[in-house]
Amino acid sequence: MATGHTDPQRRERILAATLDHIADEGIAGVSHRKIAARAAVPLGSMTYHFSGIDDLLREAFTLFADHIVGVFQRHLDHADGPEQAREVVTDLIHTLSEGPRRDLILTQELYTLAARRPEYRELAQAWMRRSRDLLERHFDPDTARQLDALIEGLTLHRALDGTPHGRELTRQAVDRITITSTP
């Protein structure tokens, strides 16, 4: 195994391995030993880079939240005006629900952890705030909040449904929430 001096990406590999492990086995299966093995790093690297499992989980979930916010931003940056923003939100819902199953699992694992532990609830709330900030570029704050919930709910429903609803139904739901909204 490489030393820290010749392995500058070690910390990032540990975080990626943590997210992969959670997606494959869930939060309950996380341990320093399992993550070190998955990341192919010495066990001592775990405590060198992270003060404990909670530090590791917070940083890994922060990295994941940054990824999803990036997806939001890449979509919403292309909207010019309310009609285009509604179309972009519809695209976003379909992109998220048809995207990697890993992202869906990680989202639900974080939500479950946030429901139980306040420090993770703060992380989830910060993620939601960032998503709503992006939506507020195109919609008023109340509408952005409702739309954020719609995005999460429809993404989950579409991803888990054996016969997911089509784009037209998604667009109708987006329109119902946003049609009278002003930025």
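Everything here concerns the structure above.
Quick notes on the rules
Residues numbered from 1 in each chain as written. Predicted model: local features only at pLDDT ≥ 70, side-chain atom pairs only at ≥ 80, totals over all residues. Heavy atoms only, no water. Helix = DSSP H or I, 4+ residues; strand = E, 2+ residues; numbered from the N terminus. Buried < 20%, exposed > 50% of the residue type's maximum accessible area, 1.4 Å probe, protein only. Contact = heavy atoms within 4.5 Å. Core = buried A, V, L, I, M, F, W, Y, C linked by side-chain atoms within 4.5 Å. Salt bridge = Lys/Arg side-chain N within 4 Å of Asp/Glu carboxyl O. Axes fitted to C-alpha atoms, helices over the stretch in contact; angles between N-to-C directions. Parallel < 35°, antiparallel > 145°, perpendicular 65-115°, else oblique. Left-handed = near helix turned anticlockwise from the far one by under 90°. Nonpolar A, V, L, I, M, F, W, Y, C, P; charged D, E, K, R; others polar. Polar contact = N/O pair within 3.5 Å; in protein donor to acceptor, adjacent residues only side chain to side chain.

1. A look at the overall build of the protein chain
Then step 1. When helices and strands are counted, the protein chain shows nine helices and zero strands.
Then step 2. Secondary structure elements in the protein chain, listed N-terminal to C-terminal, are α-α-α-α-α-α-α-α-α.
Then step 3. If you line up the protein chain on its principal axes, its C-alpha atoms span 55 × 35 × 30 Å.
Then step 4. When the 183 residues of the protein chain are sorted by exposure, 45% land in the buried category.
Then step 5. Taking all contacts inside the protein chain whose residues are at least 6 apart in sequence as the whole, residues at least 24 apart take part in 67%.

2. Brief notes about the nonpolar core
Then step 1. Residues Ile14, Phe61, Phe72, Val89, Leu135, Leu147 and Ile151 are the most contacted members of the largest nonpolar core, which totals 50 residues.
Then step 2. For this core, the secondary-structure elements that each account for two or more residues are helix 1 (10-25), helix 2 (32-39), helix 4 (53-76), helix 5 (82-98), helix 6 (101-116), helix 7 (118-135), helix 8 (141-160) and helix 9 (167-178).
Then step 3. Ranked by residue count, the leading element in this core is helix 4, at 11 residues.
Then step 4. Those residues in contact with phenylalanine 61 that lie beyond four places of it in its chain are Leu19, Ile22, Ile27, Leu106, Glu109, Leu110, Leu113 and Leu123.

3. Observations concerning the environment of valine 69
Then step 1. Within the secondary structure, valine 69 is located in helix 4.
Then step 2. In this structure, the C-alpha to C-alpha distance between valine 69 and arginine 130, residues 61 residues apart in sequence, is 7.0 Å.

4. Considerations on the pattern of salt bridges
Then step 1. Here the structure, examined in full by the defined rule, presents 17 salt bridges.
Then step 2. The shortest N-O distance in the salt bridge between arginine 130 and aspartate 66 comes to 2.6 Å. Of this pair, arginine 130 sits in helix 7 while aspartate 66 sits in helix 4, and the two are 64 residues apart along the sequence.
Then step 3. The class of arginine 130 is partly exposed, set by a relative accessible area of 34%.
Then step 4. Here glutamate 98 ties to arginine 158 by a salt bridge, and the two come within 3.2 Å at their closest N and O atoms. A residue pair is termed long-range when its members are at least 10 positions apart, and glutamate 98 in helix 5 and arginine 158 in helix 8 qualify at 60 residues.

5. With respect to the packing of helix 6 against helix 8
Then step 1. Look at helix 6 against helix 8: their axes get within 11 Å of each other, and the N-to-C directions meet at 125°. On the basis of their axis angle, the class for helix 6 and helix 8 is oblique. Seen from above, helix 6 lies across helix 8 with left-handed handedness. Every residue of helix 8 that contacts helix 6 at Arg101, Leu104, Thr107, Gln108 and Tyr111 is listed here: Glu152, Leu156, Ala159 and Leu160.
Then step 2. Residues of the contact of helix 6 with helix 8, tallied by class, amount to five nonpolar, two polar and two charged.

6. A word on the packing of helix 1 against helix 6
Then step 1. At a closest axis distance of 9 Å, the pairing of helix 1 and helix 6 adopts a crossing angle of 90°. When the axis of helix 1 is compared with that of helix 6, the two are roughly perpendicular. The residues of helix 6 that touch helix 1, namely those facing Ala16, Leu19, Asp20, Ile22 and Ala23, are Arg102, Ile105, Leu106 and Glu109.
Then step 2. By residue class, the composition of the contact of helix 1 with helix 6 is six nonpolar, no polar and three charged.

7. Here's the deal with unusual backbone geometry
Note: most peptide bonds trans; most residues except glycine with negative phi.
Then step 1. In this structure, alanine 40 takes a positive phi of about 60° despite not being glycine.
Then step 2. Note on placement: alanine 40 falls in the loop between helix 2 and helix 3 (44-49).
Then step 3. For alanine 40, a relative accessible area of 46% gives the class partly exposed.

8. Considering the side chain of histidine 138
Then step 1. Examined against the element boundaries, histidine 138 turns out to sit in the loop between helix 7 and helix 8.
Then step 2. The buried category is assigned to histidine 138, whose relative accessible area is 11%.
Then step 3. Within polar-contact distance, the side chain of histidine 138 engages the backbone oxygen of leucine 76 at 3.1 Å.

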